[in-house]
Amino acid sequence: MSIFYRFPGGLRKALTLSYDDGVEQDVRLMEILDKYGIHCTFNLNSGCWAAEGTVYPKGHIHRRMSASQVKELYQNPNHEVAAHCLTHASLTELNAGQIAHEVLADRENLEAMFGGLVRGLAYPFGTFSDTVVDALKATGAAYARTVVSTNNFSIPTDWLRLHPTCHHNAPNLPQLCDRFLNDSAPFGSLLFYLWGHSYEFEADNNWHVIED
């Protein structure tokens with residue numbers, strides 16, 4: 001007897017997104033996602049909120065939000081809040097105790113802000129190692145997203161080395177979308193996992209990519 005994995009509702013395909021840093025451009029991104037019914041994980045650094053009332057100079061792209069702005073935006077039940085480490089530290093440069101603090105303090109702050117359980121994280125700068133993964137296991141993290149593109153739709157097997165399909169600026173994104181949509185095999189399940197930073201759409205003037 002063969003057993004095949006299925007998503008809720010018996011579906012064999014799923015699309016999800018993962019966006020980092022808690023920046024002002026997430027407002028526009030969330031509007032687009034809600035318009036099309038797409039779910040996203042927003043990975044936040046609770047030690048990096050902007051001061052209340054911060055006004056950025058013209059042309060400044062990486063605009064982090066204040067705590068009040070963050071709380072208002074990410075209360076949206078259509079999306080998940082996850083950790084991105086307290087200070088966006090590169091975890092490969094820390095010892096096990098420092099790694100645990102970055103993850104657990106961020107998670108504690110986010111859980112206090114939003115209620116519920118924060119289950120996972122995205123690696124700051126995409127840096128990870130076997131030592132980092134071992135430290136994460138001790139924190140009880142359920143998953144940790146990397147920036148290593150698989151260019152496929154296979155179901156993850158190592159949830160603390162959770163590799164996405166690709167970044168939204170990947171040159172082969174249109175071809176991957178076509179492959180995903182056109183796959184009609186009656187067996188197996190597909191996960192399209194897209195990641196990025198919403199400020200990149202503004203920097204690259206390519207919001208049409210996510211709309212498309």
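Let me begin by describing the structure that accompanies this report.

Rules behind the numbers
Residues numbered from 1 in each chain as written. Predicted model: local features only at pLDDT ≥ 70, side-chain atom pairs only at ≥ 80, totals over all residues. Heavy atoms only, no water. Buried < 20%, exposed > 50% of the residue type's maximum accessible area, 1.4 Å probe, protein only. Helix = DSSP H or I, 4+ residues; strand = E, 2+ residues; numbered from the N terminus. Pairing = 2+ DSSP bridges. Right-handed = clockwise from strand over helix to strand, strands pointing away. Contact = heavy atoms within 4.5 Å. Arc of directions from axis to C-beta. Salt bridge = Lys/Arg side-chain N within 4 Å of Asp/Glu carboxyl O. Polar contact = N/O pair within 3.5 Å; in protein donor to acceptor, adjacent residues only side chain to side chain. Core = buried A, V, L, I, M, F, W, Y, C linked by side-chain atoms within 4.5 Å.

**Concerning the pairing of strand β7 (residues 190-196)**
Now for step 1: Extensive coverage of β7 is indicated by the burial of seven of its seven residues.
Now for step 2: Every second residue of β7 is oriented toward a common face, with Leu-190, Phe-192, Leu-194 and Gly-196 on one face and Leu-191, Tyr-193 and Trp-195 on the other, all of them buried.
Now for step 3: When strand β1 (residues 13-20) meets β7, the two strands line up parallel, connected through seven bridges. Along β7, the bridge assignment pairs Thr-16 with Tyr-193.
Now for step 4: Relative to β7, strand β6 (residues 166-167) runs parallel, the two sharing two bridges. Bridging across to β7, Cys-166 finds its partner in Leu-194.
Now for step 5: The parallel pair β6 and β7, bridged by helix α5 (residues 173-182), forms a crossover whose chirality is right-handed.

**Regarding the environment of Lys-71**
Now for step 1: Among the secondary structure elements, Lys-71 is positioned in helix α2 (residues 67-73).
Now for step 2: Judged by its relative accessible area of 42%, Lys-71 falls in the partly exposed class.
Now for step 3: A sequence separation of 39 residues divides Lys-71 from Leu-110, and the C-alpha atoms of the two residues are 9.3 Å apart.
Now for step 4: In contact with Lys-71, other than residues within four places in its own chain, are Met-113 and Phe-114.

**A word on helix α4 (residues 130-139)**
Now for step 1: Within the sequence span of α4, burial applies to Val-132, Val-133, Ala-135, Leu-136 and Thr-139. Taken around the axis of α4, the buried residues stretch over an arc of 160°, which confines them to a single face. Opposite the buried face of α4, by more than 90 degrees, sit the exposed residues Asp-130, Thr-131, Lys-137 and Ala-138.
Now for step 2: If you follow the buried residues of α4, they end up packed against α3 (96-114), β4 (120-122) and β5 (143-145).

**Thoughts on the pattern of salt bridges**
Now for step 1: With the rule as written, the count across this model stands at seven salt bridges.
Now for step 2: The salt bridge involving Asp-183 is made with Arg-12; its shortest N-O contact spans 3.0 Å. A residue pair is termed long-range when its members are at least 10 positions apart, and Asp-183 in the loop between α5 and β7 and Arg-12 in the segment before β1 qualify at 171 residues.
Now for step 3: The exposure class assigned to Asp-183 is partly exposed, which follows from its relative accessible area of 28%.
Now for step 4: For Arg-12, a relative accessible area of 15% corresponds to the buried category.
Now for step 5: The salt bridge partner of Asp-130 is Arg-161, with a shortest N-O separation of 2.8 Å. Here Asp-130 is found in helix α4, whereas its partner Arg-161 is found in the loop between β5 and β6, with 31 residues between them in sequence.
Now for step 6: Its relative accessible area of 53% is what places Asp-130 among the exposed residues.

**Considering the side chain of Thr-41**
Now for step 1: Tracing the sequence through the fold places Thr-41 in strand β2 (residues 40-44).
Now for step 2: Here the side chain of Thr-41 touches Glu-80 through a polar contact of 2.5 Å, side chain to side chain.

**Notes on the nonpolar core**
Now for step 1: Membership of the largest hydrophobic core comes to 44 residues, with the highest contact counts inside it found for Tyr-19, Phe-42, Tyr-74, Leu-136 and Ile-210.
Now for step 2: In this structure, Tyr-74 is in contact with Gly-22, Val-23, Asp-26, Met-30, Phe-42, Leu-44, Met-65, Val-81 and Phe-114, ignoring residues within four places of it in sequence.
Now for step 3: Among the nonpolar cores identified, the runner-up in size contains seven residues, and Phe-7, Ala-82, Tyr-143 and Leu-162 belong to it.

**Considering helix α1 (residues 26-36)**
Now for step 1: Taken residue by residue, α1 has Asp-26, Leu-29, Met-30, Ile-32 and Leu-33 as its buried positions. Buried residues of α1, seen end-on, are gathered within an arc of 160° and therefore sit on one face of the element. In this structure, α1 carries Glu-31 and Lys-35 as exposed residues pointing more than 90 degrees from its buried face.
Now for step 2: On its buried face, α1 sits against β1, β2, α2, α6 (199-204) and α7 (207-211).
Now for step 3: Of the residues flanking the end of α1, it is Gly-37, one or two places downstream, whose phi is positive at about 70°.

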